[in-house]
Structures are given as C-alpha cells and as structure tokens.
Amino acid sequence: MKELLSHSLTMTDRDLRRLARQPWWIVVTLVQPVIWLLLFGPLFKGIANIPGFHAHSYIQFLTPGVVIMTAFFSGGWNGMATIDDLNRGVVDRLLVSPLRRSAFFIGHVLQTSVSIIIQAAIIVVLAYAMGAHFANGALGLLVLFTAAVLLGGSLNAVSNGLALIFRREETLIATLNVFMLPLTFLSSAFMQQNLIPHWMQVGARFNPLNWAVQASRSAISSGTDWGSVGTHLGLLAGLLVVCMAFATRTIHTYQSSV
Amino acid sequence: MNQQRPNGNAIEIESLVKVYKGAVRALDGIDLVVPAGSVFGLLGPNGAGKTTAVKIASTLSFPTSGTIRVAGIDVVAHPRQVREAIGVVGQVSGVDVNLNGRENLRLQGLIRSIHGRELKQRVNELLEQFGLADSAKRVARNYSGGMQRRLDIATALVHRPQVLFLDEPTTGLDPEVRTEMWQEIERLTHEEGLTILLTTHYLEEADRLAAKLAILDRGKVVATGSPEELKQELEGDTIHVELREDAPDGTIRVALENVKGIRRLDHDVRCLRARVEHGATAIPLVLQALESKGLAVDSVSVSRPSLDDVYMRYTGREFARADEEGARQQSPAGEEKR
Ligand SMILES: Nc1ncnc2c1ncn2[C@@H]1O[C@H](COP(=O)(O)OP(=O)(O)O)[C@@H](O)[C@H]1O
Ligand SMILES: [Mg+2]
C-alpha cells in the first residue's frame, strides 16, 4: 500500500512537472469553457424566463455544466500524452521497472484532478463575477469539485487505457470522439432536464456526465436534494473504480501485442 | 546486488518462440546462454528478431513458448523479481524528454524505492560518470542525441542492476559518439562487473565489444562463440569480388568450378566471396576464370576473415544486403517498429 502510494505520487509528480513546463496548456483548455460562460450566459439569458425553468439565472444554471464539461474533456484527452510516451519508449521503460501497474493510471488521474481543480476554481470565480450565486457555501463547491474530479478521473483512466490498446493517435481521437460527443449532448449541461426531449431525458439517466451535472447543480442551488447528490456521487465513485480496473487490464493487452 | 548465480549464467534462454499476431514468427526456437560479467552480443540484420528477444527477456513482451531465466529467475513466473535485477535501454530511448536529466534519474530511483540521501548521491554519481552534471537541469528534449543516449543508459543503472540490456545502443549516433559509447560500455563490464546483453546490427561493434556473441538470422541463432572463435573457424583469406553486371544464373559457380584453392564459394548475382588458402595467389586465377566466362569485374579485395564472412558462411547472404532487405520489409508496416 505504501509502495502503491509512493509510486502513484512519483508518477503524478512527473506529470505535474510536465504540465508546469507548458503552463499555456491550462489556458488553452480554459478557452472553451470561458467562451461558453461569456457567450451562452448572456445569449440564453431568456431561458431563465421559460415557464418551468427553476434556476435563479441562466449563468447560475450554466456554471456547473461548464465546470463538469471541462473536467470531462480534460480527463478524456489525457490519453494523448500517453501516446506520446509510447512513441518515445517511456511507457516501455516504465513497464520493465517494478512500477506498480495501477500507479501508472493513478498517477495520471491525480494529475488530471489537480488540473481540473485549478480549472474549476477559475471558472467558479469568473461565474461569480458574472453574477452566479452558490448556495450551501463551501459544501456546495466541494460537491462540484468532487463530481468534476470523479468524472474527469474516470475519463482519464479510460483514455489512457485506450491509448495503450490503440497505440495510435488517430485511432484514439476517433474512438474518444465516438463516445464522448454523444455523452455531452445527452446531458442537461446546458438545458434543464425536463425541458429536453423525452428520449434524451431517458438517455441522460445513464450518462455519467449527467450524474455529475445533476449532483453539482443541486448542491450549489437552494433546496438541495442531498439524497440524490449522494447517490450521484456514489455512482461516479463506482464509475472511477470500474474505469481504473479497465485501464489496469489494458497493460496486459499492450504487453501481449508488443 | 551483484550476487553471482551458482552456475554463473546471467541469462538462459531455451527454445524461445515468439509468434506475433498475423503469424509473424519473429523468434523460431532460440537457445542462448549468457555468462555473467561480460558483454554478450546479439548480432543480426534488421528484422532478425533482436528487439523481440530483448523485449521478452526484459519482461515487456510475452513468449509464445520456451523458458527464459534472467539472473536465475523465470521471467514469465516472476516478472517482478526480474525487473528488480535488470536495467533496460530500449531501441527507442526511454528518456522522458519533458523532464531534465536529474529528474529522469530520480524518477527511476523512486520507482525502485531508493529515497533521500542515498538517491541524491547515486544520481550525482551517475550524472558525473556520464558527463551530464552540467546539463542536469536542462530539459532532456534539448539534449543532443549522444547525451540522450548517455542519460538513457544512466537511468537504467540507478538501482545497480545485475544485467543490463542494450538494444542497438549506438544506432543513429555519429561515429565519434559511437566510439565514446563503446568505451563507456567496456568500462561498465570491466569495472563494475555488469552483464550486458547488447544487440547490434554493426559487425564492428559486435567484434569490438562482445566477449561472446550469437548471430541471429530470421529468428534463429545460426552461430555462437567469441568473435575470434567464429572467425578462426574460417581459415585463410576471403576474396570479395563485385561484378559490373548481374551474372546469369549459375555462371559464377561454373566459372570458378575448376579454380584451385577455393574452399568455399558464396555468391549472389552481383557479388561473390571465395574462401581461399592464400589470397594473393588466388586472385589472378579467380579474375581470369571470371573474365573467361564474360563476367566483367568491378572491384576486388582480399581480407582476413571478418564477421561478415562468418555471417555469409552460415546464412549464404551478405550481411549488409540482409540488413537493407530487413529494413525495407519492416518499413511499410512501419508502425510495428518500436
Ligand atoms: N509488435 C509486433 N507485431 C507484429 N510483428 C512484429 C512486432 N514487433 C516486431 N515484429 C516483427 O518481428 C520481426 C522481428 O522484429 P525485431 O525483433 O524488431 O527485429 P530486429 O530488432 O532484429 O530488427 C520482424 O519481422 C518484425 O516486423
Ligand atoms: Mg531491433
């Protein structure tokens, strides 16, 4: 256990150093969420007046969606770095060392978590400046950050696992697009659940992205349904475990093909 | 760490077969015994299966069948223990170019549970030894090819392994850098008693570095022995003739059939090698015989037996040609080459 922790932190440290050497990366990944906030916020202000729309303002409604979407993509594209590591022989070098297999993925997940928290914090501050309110204070934000980290971490593990299976950038990009895009549409990130078509509502129920949005949106709004928040966070935690298990198995697949 | 195995063998490979998906038989039943404490060369042209053998012996890839023991430990049954005992420098560098030299070394140490003062000391020692102390804080992306290779080897040594795998360590390096690398490799075995399994497709490299070597060709070991032994098996001289044009089938053999003193003849359509007792006496006879059959000669040379001759003797092909051919075959399916 101590070794697993130490190996994981060693890998996280490596990833964070890499990140620290290209700080523009965090700026690049924030471009899209900031556009969502600045553009969609004012653009769809009127949505808040639609009968049946509960949130205080659209920006208030939008913020958790934007945070979660950002975490989703941040984690999801992480496998690209692993492709780079594969091409440079870094992965092979790690695999012939006594590095604990799961530490390889835990390290990446922890690194993604750090980036996600930084991104989420920036988005929250921006949203606050634009007039969003956060009910439940620190606890609400804690749920938001936790949901973002659990979802982003799951995507990260899947993405890195797929990188080991496909070993090629183009295949990885295509595969990730195929399953990430539908998930973003089948969610209530930008529109309230009961205002989207019925079939989408059904799909959204099984969508982890939606679990994260629902949990965090409820947690930062007044009249929080803590039971549902807990269930959704639990589901997300379960998802992370499943994704980690999948990722760890891909190492064997990779070793069988080289 | 450097405990000697009872039987003194660092690596033992028996009947190793590796079949890749798509039915590529990369290794076709090889047997190898690498004695501890010296450089063992695995020489073979491109595509012979060298990297495959290293990947399996270093626990990266799985054998299709056969047994492999490294430092006395079975690589399939106990990969983890093998990993503690080995250092690996792959054909593709394993340096993390986003980290600086020191960080690369520290990373390897931390994975192997070397911490604190001990780690710091070892890292400094290696930086010094490999001439990287001044560049320790530079990101490895900005290192020259030679520096990256040195860092590569250094990172494989942090935990003082018993066995070091070097897969084509000098491929792609400038000639001077290559010579430096050779000196470094010699130092590692002489002074540190390390066992090194070195693969190469450079004949001179195998000749110079390997105490013992195995010649690998199309997934099979075709000869083993020290470079001297292998060359001595071929007594006399080698005459090497390049023709101006491709010879029609069979004419070379017919032309030289009755030339005295030829012990062995290997040829393809364009060039031939004749093993003779005494080169100077045989050259005029050979040239005459070829010209009389209308085969114009482009160049001729005579040499003491080289590993090239050894390779030709066992495979019937010229090393350089086999190497080019192997490279050609591998590049269209380029992705496979890692
Ligand atoms: N991952 C792989 N999948 C399929 N075939 C492979 C793979 N790696 C190597 N090969 C094939 O196995 C053979 C031996 O390759 P390799 O061990 O790399 O040779 P060498 O290192 O001697 O140049 C080649 O024909 C090569 O194309
Ligand atoms: Mg090779």
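This text gives an overview of the structure that appears in the document.

Definitions and cut-offs
- Residues numbered from 1 in each chain as written.
- Chains lettered and ligands numbered in written order.
- Predicted model: local features only at pLDDT ≥ 70, side-chain atom pairs only at ≥ 80, totals over all residues.
- Heavy atoms only, no water.
- Pairing = 2+ DSSP bridges.
- Helix = DSSP H or I, 4+ residues; strand = E, 2+ residues; numbered from the N terminus.
- Axes fitted to C-alpha atoms, helices over the stretch in contact; angles between N-to-C directions.
- Parallel < 35°, antiparallel > 145°, perpendicular 65-115°, else oblique.
- Left-handed = near helix turned anticlockwise from the far one by under 90°.
- Contact = heavy atoms within 4.5 Å.
- Nonpolar A, V, L, I, M, F, W, Y, C, P; charged D, E, K, R; others polar.
- Near = heavy atom within 4 Å.
- Polar contact = N/O pair within 3.5 Å; in protein donor to acceptor, adjacent residues only side chain to side chain.

**Observations regarding the sheet that holds strand S8 (residues 195–200) of chain B**
Residues and elements named next belong to chain B. Judged by pairing direction, the sheet is mixed, and its six strands sit side by side in the order S6-S7-S8-S3-S9-S10 without closing on themselves. Because the sheet does not close on itself, it has two edges, and the strands there are strand S6 (86–89) and strand S10 (220–225). Looking at each pair of strands side by side, their axes are set apart by 15 degrees on average, direction ignored. Two elements, strand S3 (residues 39–43) and S8, share five bridges in a ladder whose sense is parallel.

**Remarks on the packing of helix H2 (residues 24–43) of chain A against helix H3 (residues 58–76) of chain A**
All names here are of chain A. Between H2 and H3, the shortest axis-to-axis distance is 10 Å and the interhelical angle comes to 155 degrees. Taken together, the axes of H2 and H3 are roughly antiparallel relative to one another. Crossing geometry of H2 relative to H3 is assigned as right-handed. Counting all contacts with H2, which are made through Trp 25, Thr 29, Pro 33, Trp 36, Leu 37, Phe 40 and Gly 41, the residues of H3 involved are Tyr 58, Ile 59, Leu 62, Thr 63, Val 66, Met 69, Thr 70, Phe 73 and Ser 74. Residues belonging to the contact of H2 with H3 are distributed by class as follows: 11 nonpolar, five polar and no charged.

**Observations regarding the site of ligand 1**
Around ligand 1 sit 16 residues, and of these B:Gly47, B:Gly49, B:Lys50, B:Thr51 and B:Thr52 come closest. Surrounding ligand 1 are residues belonging to chains A and B, so the site spans chains. A:Ser257 places a polar main-chain atom, nitrogen or oxygen, 3.0 Å from a nitrogen atom of ligand 1. With respect to ligand 1, the backbone of B:Gly49 contributes an N or O atom lying 2.9 Å from an oxygen atom.

The quantities given are spatial measurements derived from coordinates; they are silent on function.
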